[in-house]
Amino acid sequence: MTHISIRDLQKISGEAIGALPGADICEVGRADVGLLIPLRSADPDRLAAVLTRATALAKGRDVRADDAALAAFGDVDPVDWSIAAVNALTGKPGKSRNNSRKSKR
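Here the residue index of a chain counts from 1 through its sequence in written order. For a predicted model such as this one, the threshold for reporting local features is a pLDDT of at least 70, and the threshold for listing and counting side-chain atom pairs is 80 or more; totals across whole chains, interfaces and linings nevertheless cover every residue. Hydrogens are left out, water is left out, and the side-chain values use all remaining heavy atoms of the structure.

What to know about helix 3 (residues 44-59)
Here is step 1 of the chain: For helix 3, built from 16 residues, the straight-helix expectation of 22 Å at 1.5 Å per residue is met to within 8% by its first-to-last C-alpha distance of 23 Å.
Here is step 2 of the chain: Put simply, aspartate 43 is the residue that caps the front of helix 3, since its side-chain oxygen is 3.0 Å from the backbone nitrogen of aspartate 45. A run of H or I in DSSP counts as a helix once it spans at least four residues, and a run of E counts as a strand once it spans at least two, with each numbered from the N terminus. The length a helix should cover is 1.5 Å for every residue beyond the first. Polar contacts here mean pairs of N or O atoms no more than 3.5 Å apart (in protein, one a potential hydrogen donor and the other a potential acceptor; neighbouring residues in sequence count only if both atoms are side-chain atoms).

Here's what the structure looks like:
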């Protein structure tokens, strides 16, 4: 599929959108008004391998040197990409999240 009209978009399910092979242009008449990109979950094994490698590489880093090198670029991404933060983002419950759920029951 190379394009989807706004009317077609209203008629298709989230499951159908997820099954699209890639990005599709959303059109109104002949005007392109958006880009529909199905979001897919990351492979958990691949994500775990990347996080393990990133953790190992981070142990050898000099935070001050990194900050000094990045200062020339102005403001940079302040996101905490720690394993705990990624697990929270992906919905994997951590210990503190599990404990808070159990205590509510």
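So, the pattern of salt bridges
Here is step 1 of the chain: Any Lys or Arg side-chain nitrogen located within 4 Å of an Asp or Glu carboxyl oxygen qualifies as a salt bridge. Taken as a whole and judged by the stated rule, the model has one salt bridge.
Here is step 2 of the chain: Aspartate 66 serves as the salt-bridge partner of arginine 61, at 2.7 Å between the closest nitrogen and oxygen.
Here is step 3 of the chain: For arginine 61, a relative accessible area of 51% gives the class exposed.
Here is step 4 of the chain: Accessible area is worked out with a 1.4 Å probe on protein chains only. A residue is then buried under 20% of its type maximum, exposed over 50%, and partly exposed in between. Given the relative accessible area of 22%, aspartate 66 is considered partly exposed.

Thoughts on the nonpolar core
In a soluble, globular protein the nonpolar side chains are often hidden away together inside.
Here is step 1 of the chain: Membership of the largest hydrophobic core is limited to five residues, which are Ile4, Ile17, Leu20, Cys26 and Leu36.
Here is step 2 of the chain: Discounting chain neighbours no more than four positions away, the residues touching cysteine 26 are Ile4, Ile6, Leu9, Ala31, Asp32, Val33, Gly34 and Leu36. We define the nonpolar core as a collection of buried residues of types Ala, Val, Leu, Ile, Met, Phe, Trp, Tyr and Cys that are connected through side-chain atoms lying within 4.5 Å of one another. Should any heavy atoms of two residues lie within 4.5 Å, those residues are considered in contact.

Digging into the pairing of strand 2 (residues 24-28)
Here is step 1 of the chain: Here three bridges tie strand 1 (residues 3-5) to strand 2, and the two strands are oriented parallel to one another. Within the sheet, the bridge partner assigned to serine 5 lies in strand 2 and is glutamate 27.
Here is step 2 of the chain: Criterion used throughout: strands pair if DSSP finds at least two bridges between them. Bridging between strand 2 and strand 3 (residues 31-36) involves five bridges; their strand directions are antiparallel. The residue of strand 3 that forms the bridge with valine 28 is alanine 31.

Some details on the sheet that holds strand 1
Here is step 1 of the chain: Here we have three strands laid out as an open sheet, ordered 1-2-3, and mixed in their pairing. The strands lining the two open edges of the sheet, one partner per strand, are strand 1 and strand 3. Taking the axes of each pair of neighbouring strands and ignoring which way they run, one obtains an average angle of 35 degrees across the sheet. Inter-axis angles, ranging from 0 to 180 degrees, are taken between N-to-C directions of lines fitted to C-alpha atoms, where helices are fitted over the stretch in contact.

Section: the side chain of glutamate 27
Here is step 1 of the chain: Within the element layout of this structure, glutamate 27 appears in strand 2.
Here is step 2 of the chain: Counting rule for charge: Lys and Arg are taken as positive, Asp and Glu as negative, and neither His nor the chain ends is counted. At 7.6 Å, arginine 30 is the nearest oppositely charged side chain to glutamate 27, a buried residue that forms no salt bridge.
Here is step 3 of the chain: Here glutamate 27 is in contact with His3, Ile4, Ser5, Ile6, Asp32 and Val33, once residues within four sequence places are set aside.

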